[in-house]
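Summary of the model geometry
Below, each chain spelled out in residue letters.
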Amino acid sequence: MLRTHYSDEVDSTDYGGNITVAGWIEDIRNLGGIAFVVLRDGHGKMQLTAIKKEHPELFKELTSLNRESVIAASGTCQENEKVMNGWELLVEEMTLLSHAEAPLPMGVVDKVNVDFDTRLDNRIIDLRRDNVKAIFIIRHSFVQFASEYLRNHGFTEVHTPKISATSSEGGTEVFKIDYFGRDAYLVQSPQLYKQMLMASGLERVYEIAWYFRAEEHDTSRHLNESTAVDIEMAFIENEEDVMRVAEEMTAYAAQKIIDENSKELDMIKANVDLPSPPYPRISYDEVVEVLQREGDFTWGKDLGTDEENLLATQLEYDIYFITDFPLSIKPFYAMPNGRYARAFDLEYRGMEITSGAQRIHDYTMLVERMRAHGMNIENFEEYLKPFRYGMPPHGGFGYGIERFLMRFLDLDNIRECILFPRDRKRITP
Ligand code: AMO
């Protein structure tokens, strides 16, 4: 390798010895006879010190480099309590690995505000900033800990197709593609596949899934390509069994992030407190009462951003479930319960982060509901087939990863939580 140590690997046993480090030049302070360089690697920062009279050529070369150039540097590791980490590298040799052009399209450490589009246009440089990189380290942890929770509870990770002949969530929000001359769609959710799998004997499955949605909404909470933790579980009694997984998984992952990512959480300065489960359950009818007390709202309408914001001001809960939605506003696969559906949303600080339901497992009832939704049954034969040959009662949820992170980390825009956002205007980088 090009280095012997990361910035955070050096300890007192290295003092006095020769080490090699590598990274990006964040800053150079040339005081004439001595120069201090802040070098940043994937683990943190360190100080390199170059002394002109000892290495005049090296001094000249190093101090003439542009910021963000990539170098490897070797020399004596010297204890120095006055500098960061308690040591500095007295540079004796340097290799320029990659030259950075100047000016940079945006600064890495400068305090000047950069607008969000410039940041996203230069996402790789944006990611060099500690507080931005921290979001993706926490995202990595969330995926790890949510998976850990599910695996510990008998869920098998699966990967289902992202190209399909049919669409699951209906509506116009679907990307159509040309599949060798036939119409196909990018899947909006693994919904149909995870339900089909319930007849396979893989009784509990989860997927870290891509959702592709041709959303009309161009808002701070919608993406056209997003990710979710999707689960499906068989032999449930009702949706309550599914809600328990959603809340326990949330609490487990949040606590593990708090325990293991304190450095990154400090960089983001987020208020990550979450109450312990069980989270409150509030029925749609109760929510409607609150909304009607505060303004006009008709029973049977879906909840939009305005309603969610209003509820956040009226209900004292940070996180809660809305249950028992009207059947008419939930997808065809939701299990009916009179005029209600056995479906729920998980609301976190005024935004839906998850929705789920007990599903219909009876073939005849499912076909009837699909017809009621105006669907062409012929297009769904493959989905329906497993329902004819032994389908247990089941349910599941889709849990938006970016939505969760946005709320957990107190971020204003969902685009902060995905590396390369896709929205109505953005398809690059
Ligand atoms: P739903 O459509 O509610 O349900 O999606 C589930 C969750 O995925 C996230 N999400 C999004 N995040 C960002 N941008 C989007 N455009 C977007 N669309 C959805 C949200 C949402 O709560 N098949 C069902 C789930 C199920 O019942 O299992 C479904 O897709 O956090």
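Analysis parameters
Residues numbered from 1 in each chain as written. Predicted model: local features only at pLDDT ≥ 70, side-chain atom pairs only at ≥ 80, totals over all residues. Heavy atoms only, no water. Helix = DSSP H or I, 4+ residues; strand = E, 2+ residues; numbered from the N terminus. Expected span 1.5 Å × (residues − 1). Buried < 20%, exposed > 50% of the residue type's maximum accessible area, 1.4 Å probe, protein only. Polar contact = N/O pair within 3.5 Å; in protein donor to acceptor, adjacent residues only side chain to side chain. Contact = heavy atoms within 4.5 Å. Salt bridge = Lys/Arg side-chain N within 4 Å of Asp/Glu carboxyl O. pLDDT = per-residue confidence, 0-100. Near = heavy atom within 4 Å. Areas by Shrake-Rupley, 256 points an atom, 1.4 Å probe, with all protein chains shown as cover.

Overview of helix H6 (residues 239-260)
Taking 1.5 Å per residue as the helical rise, H6 with its 22 residues ought to reach 32 Å, and the 32 Å between its terminal C-alpha atoms agrees with that figure. Buried within H6 are the following residues: Glu239, Asp241, Val242, Met243, Val245, Ala246, Glu247, Met249, Thr250, Ala253, Ala254 and Ile257. A side-chain oxygen of the first residue of H6 lies 2.9 Å from the backbone nitrogen of Glu240; this N-cap is Asn238.

A short note on the side chain of Glu26
Tracing the chain through its elements places Glu26 in strand E1 (residues 18-30). Residue Glu26 is classed as buried on the basis of its relative accessible area of 6%. Apart from the residues lying within four places of it in its own chain, the contact partners of Glu26 are Val38, Arg40, Lys45, Arg67, Glu68 and Val109.

Examining the pattern of salt bridges
All told, the structure shown has 36 salt bridges when counted by the stated rule. Across the pair Glu157 and Arg151 runs a salt bridge whose closest N-O atoms are separated by 2.8 Å. Judged by its relative accessible area of 27%, Glu157 is partly exposed. Glu308 is the partner of Arg221 in a salt bridge, and the nearest nitrogen-oxygen pair spans 2.9 Å. Placement of the pair is Arg221 in the loop between strand E10 (204-212) and strand E11 (225-234) and Glu308 in helix H9 (residues 305-314), with a sequence separation of 87 residues.

Let's talk about the confidence of the model for the protein
In this model, the protein carries a mean pLDDT of 96, and residues with pLDDT of at least 70 account for 99%. Element-level mean pLDDT values for the protein span from 94 in strand E9 (residues 182-186) up to 99 in strand E18 (residues 394-400).

Quick notes on the site of the ligand
Taken together, 25 residues sit near the ligand, with Gln191, Arg213, Glu352, Ser355 and Arg359 positioned nearest. In the environment of the ligand, a nitrogen atom lies 3.1 Å from a nitrogen or oxygen atom belonging to the side chain of Tyr333. For the ligand, the protein covers 93% of the area, taking 630 Å² as the surface of the free molecule. Contributing elements (two or more residues each) for the shell around the ligand: helix H5 (191-197), E11, strand E17 (351-358) and E18. A total of 5 residues in the shell around the ligand trace back to one element, the largest contributor, which is E17.

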